[in-house]
Amino acid sequence: MTVATSRHPAPAEPEPAGVDNRLVVGGAVLTWRSLPTPTLPDPAAVLAHSAVHALTAARQHAVHGTELLLSTVSRVDAAMRAELLEAGFTVIVLDDDGVRPGVPARPRAAEPGRLWLLTSGSTGRPKRVGHTLDTLTTVRADQPDRTWLCPYAPGTYAWWQVVTLSLTQPGQHLVVVEPDELDDWPSVAAAHGVDAASGTPTFWRRTLYRDADALARVPLRQITLGGEPVDQAILDQLREVFPAARISWIYASSEVGASIVVHDGRAGFPVDWLDRETPGRPTLSVRDDELVVTSPYHGAGLAGPIRTGDRVQVLDGRVLITGRLDSDEINVGGSKVSAGVVRGVLAGHPAVAWARVTGRRAPVLGRMVVAEVVLAPADAGVADEAALVRWCADRLPEHAVPRRIRVLTDIPVKETLKSDV
């Protein structure tokens, strides 16, 4: 890789504590210290061509405090580039040819130490949320040595969570996979001794669906899930493959940071965590079936209780996150149906590898529940639409049972490793 290197006479800050951690990226074995440091204008919106270019920008920020927004070329369209230029950023495409800047429309003074994230866009067009390395670094206690897999798109909140762990903690090594390596990541992980991996439920379901045997050969001791609703089915499937691993699910967002961490192998979190105030920790509440978080890790300009837009259901002493408020609720003839609850029932069928549930217009009822599923390869000939409808009918009220179930041949996934659920 060739990038322009910095001519700064000395770092603005001390080297991060994880500077000598091992990095495996693009087939090369490096360390944070050995990464080239690009020369960046300040403030900069860096659109990284590959994972290694993103890591060089992260190291540059950690050492020099350059105001930085980091993303991939594919996540920032022409309209967003224009917005960033108007906001005073120099928009840079960072690739093997070096730094190629776009001049800001309204140059401004930089804000030292500021990091900007683009939200995933689940509530509409992505927006900017301000952070710092400190607010993004939520793992602070000493950790056992780990080699982490990082499959996330550069610049996302989940990507920064893994990257800051490696930057700030000695002994936290990193194996980064590019999008074209995702279908074969277990072999990459096994070759480099990955024993901890973080991914969305869709990421884990897709891996189990494509090659569960290859996944089982990765010596995982820590498995983390987040970014989407986490149901009991995927937790149980991972426990079956990795009976000795610690399995954690994390609720986090660009706006409120990492707010919930659960290690007990059960979907949701205990209801007695609600409205519990502990200094230095997030406070969780429910208002009108919506999760509300007050967090010390919130983005810049945010304070107090923040409505997350995520719908919750309290069931059997657990608070379950079922989906987005604007898409989870389906009104069937005046009766409310949670798409997430129906999805969880479908995912609990032993032949279902993945499910998506939505509402469709229907005469008389106004809306009806429909679903798409991907069947596990070994069970593709066992379950059909009628069998799945019967499964749901035994577990759901009549108005919540899907009226149409379409079988797909592969699990769909976006660049953010999420499905449209």
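Residues numbered from 1 in each chain as written. Predicted model: local features only at pLDDT ≥ 70, side-chain atom pairs only at ≥ 80, totals over all residues. Heavy atoms only, no water.

Draft legend 1. Seen up close, the packing of helix α1 (residues 51-64) against helix α4 (residues 157-168). Contact geometry for α1 and α4: axes closest at 12 Å, N-to-C directions at 60°. Regarding the angle of α1 to α4, the classification is oblique. Here α1 and α4 pass one another in a crossing that is right-handed. On the side of α1, the interface is formed by A54, L55, A58 and A62, while α4 contributes W159, W160, V163 and L167. Classifying every residue of the contact of α1 with α4 by side-chain character gives eight nonpolar, no polar and no charged. (Axes fitted to C-alpha atoms, helices over the stretch in contact; angles between N-to-C directions. Helix = DSSP H or I, 4+ residues; strand = E, 2+ residues; numbered from the N terminus. Parallel < 35°, antiparallel > 145°, perpendicular 65-115°, else oblique. Left-handed = near helix turned anticlockwise from the far one by under 90°. Contact = heavy atoms within 4.5 Å. Nonpolar A, V, L, I, M, F, W, Y, C, P; charged D, E, K, R; others polar.)

Draft legend 2. View of the packing of helix α6 (residues 201-216) against helix α7 (residues 232-241). Viewed as axis vectors pointing N to C, α6 and α7 meet at an angle of 10°, and their least axial separation amounts to 11 Å. The pairing of α6 with α7 is recorded here as roughly parallel in orientation. Taking contact as the criterion, the partners of W204, R205, L208 and A216 in α6 are, on α7, I234, Q237, L238 and V241. Looking at the contact of α6 with α7 residue by residue, the class counts come to six nonpolar, one polar and one charged.

Draft legend 3. Region of the structure containing the side chain of Q222. Relative to the helices and strands, Q222 is located in strand β12 (residues 222-226). A relative accessible area of 5% places Q222 in the buried class. Among the polar contacts listed, one links the side chain of Q222 to the side chain of S248, at a separation of 3.0 Å. For Q222, the residues in contact, after removing those within four places along its chain, are R146, W148, D195, A196, A197, A245, R246 and S248. (Buried < 20%, exposed > 50% of the residue type's maximum accessible area, 1.4 Å probe, protein only. Polar contact = N/O pair within 3.5 Å; in protein donor to acceptor, adjacent residues only side chain to side chain.)

Draft legend 4. Representation of the sheet that holds strand β22 (residues 352-362). If you walk across this open sheet you meet the three strands as β22-β23-β24, and the pairing is mixed. Looking at strand neighbours, the two that pair on one side only are β22 and β24 (404-408), the edges of this open sheet. For this sheet, the mean inter-axis angle between neighbouring strands, taken without regard to orientation, is 25°. By the bridge criterion, five bridges tie strand β23 (residues 366-375) to β24 in an arrangement that is parallel. When the sheet's bridge partners are listed, V374 is paired in β24 with L408. In the packing of α6 onto the sheet, the strands contacted are β22 and β23, and the crossing angle to β22 comes to about 125°. (Pairing = 2+ DSSP bridges.)

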